[in-house]
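Residue strings, one per chain:
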Amino acid sequence: MRTSELLVETFDRLPDLVREAVDGLSPQQLRWTPAPGANPIGWLVWHLTRIQDDHLAEVRGEPQVWTGGGWAKRFGLDRAEPADTGYGHTAAQVAAIAPESAAALVDYHTAVAERTRRFLHGLTDTDLDRVVDDSWDPPVTLGVRLVSVANDDLQHVGQASYLRGLLGDGTG
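The paragraphs below set out a description of the structure included in this document. Being a predicted model, the structure only gives us computed values, none of them experimental. Residue indices follow the written sequence of each chain, beginning from 1 at its first position. The model is predicted, so local features are restricted to residues of pLDDT at least 70 and side-chain atom pairs to those at 80 or more, both for listing and for counting; the totals for chains, interfaces and linings are taken over all residues. By convention in this description, side-chain values take in all heavy atoms of the structure and omit both hydrogens and water.

1. Notes on the layout of surface pockets
Let me state the cut-off plainly: Definitions used throughout: a 1 Å grid over protein atoms alone; a cavity as a set of points that fits a 1.4 Å probe which cannot get out; a pocket as an open set with protein on both sides within 12 Å along at least five of seven lines; a lining residue as one with an atom within 4 Å of a point. Grid points are joined across faces, edges and corners, and a volume is the space filled by probe spheres set on the points. What counts as a helix is a DSSP run of H or I of at least four residues, what counts as a strand is a run of E of at least two, and both are numbered from the N terminus.
Put simply, the largest pocket is a space of about 320 Å³. His-47, Ile-51, His-55, Tyr-87, Trp-136, Val-140, Val-144, Arg-145, Ser-148, Val-149 and Asp-152 together form the lining of the largest pocket. Those elements giving two or more residues to the lining of the largest pocket turn out to be helix 4 (41–60) and helix 9 (142–166). If one sorts the elements of the lining of the largest pocket by residue count, helix 9 sits on top with five residues.

What follows is the structure, encoded as structure tokens:
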């Protein structure tokens, strides 16, 4: 297996996991939290998709999926802020992310996942050694950035799935 195939295999697992975490949930269920200050399912899936969209757009040198197609409105926001990925959100900012439906989350994630897949298919091992962020010591390579995004996404989709199970209404 080539490295690019391994990365495709990893990222290709996410869309099904996202769909399973949100399928059939109402907007209210997507915003439910088990305790004050906890992140809801809808925010977790939005955030993991925003991170993937933001980070991969940056290394490709292209605009984010988020900034086109009216995505922000589908999440209860007035405009798409490219720098807003959810990182460091306050409780009020988390609460402001209001997906109109499970389909909004799945549709946005699908658009990002398809773009990610196309990008990953063309990678070579040499590409993975390219430094994409020299503000860290050691500098971050494309390979390290991709592993970081996959790790973040897998953790958050797992959290969303766990919360779905806590809903206790037969959906989990």
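2. Observations regarding the pattern of salt bridges
Short version of the rule: Salt bridge, as used here: a side-chain nitrogen of Lys or Arg that lies within 4 Å of a carboxyl oxygen of Asp or Glu.
A full pass over the atoms with the stated rule returns 11 salt bridges. Here Arg-19 ties to Asp-16 by a salt bridge, and the two come within 2.8 Å at their closest N and O atoms. With Arg-19 and Asp-16 both in helix 2 (residues 14–22) and three residues apart, this pair spans about one turn of that helix. Across the pair Asp-107 and Arg-74 runs a salt bridge, and its minimum N-O distance is 3.1 Å.

3. Comments concerning the side chain of His-156
Worth spelling out the cut-off: Contact between two residues is taken to exist if any of their heavy atoms lie within 4.5 Å; hydrogens are not considered.
Counting through the fold element by element, His-156 comes out in helix 9. When near neighbours in sequence (up to four residues on either side) are disregarded, His-156 contacts Leu-44, His-47 and Leu-48.

4. Points about the nonpolar core
Applicable threshold: Throughout this description, the term nonpolar core refers to a set of buried Ala, Val, Leu, Ile, Met, Phe, Trp, Tyr and Cys residues connected via side-chain atoms within 4.5 Å. The rule is simple: take the accessible area with a 1.4 Å probe, protein chains only, and divide by the maximum for that residue type; under 20% is buried, over 50% is exposed, in between is partly exposed.
If you look at the biggest cluster of nonpolar residues, it comprises 46 residues, and the most contacted ones within it are Val-22 and Phe-75. Every element with two or more residues in this core is listed here: helix 1 (3–12), helix 2, helix 4, helix 5 (71–74), helix 7 (102–121) and helix 9. Sort the elements by how many residues they give to this core and helix 4 lands first, with nine residues. Once you skip the residues sitting within four places of it in the chain, Val-22 turns out to touch Leu-30, Ile-41, Val-45, Ala-102, Leu-105, Val-106 and Arg-164.

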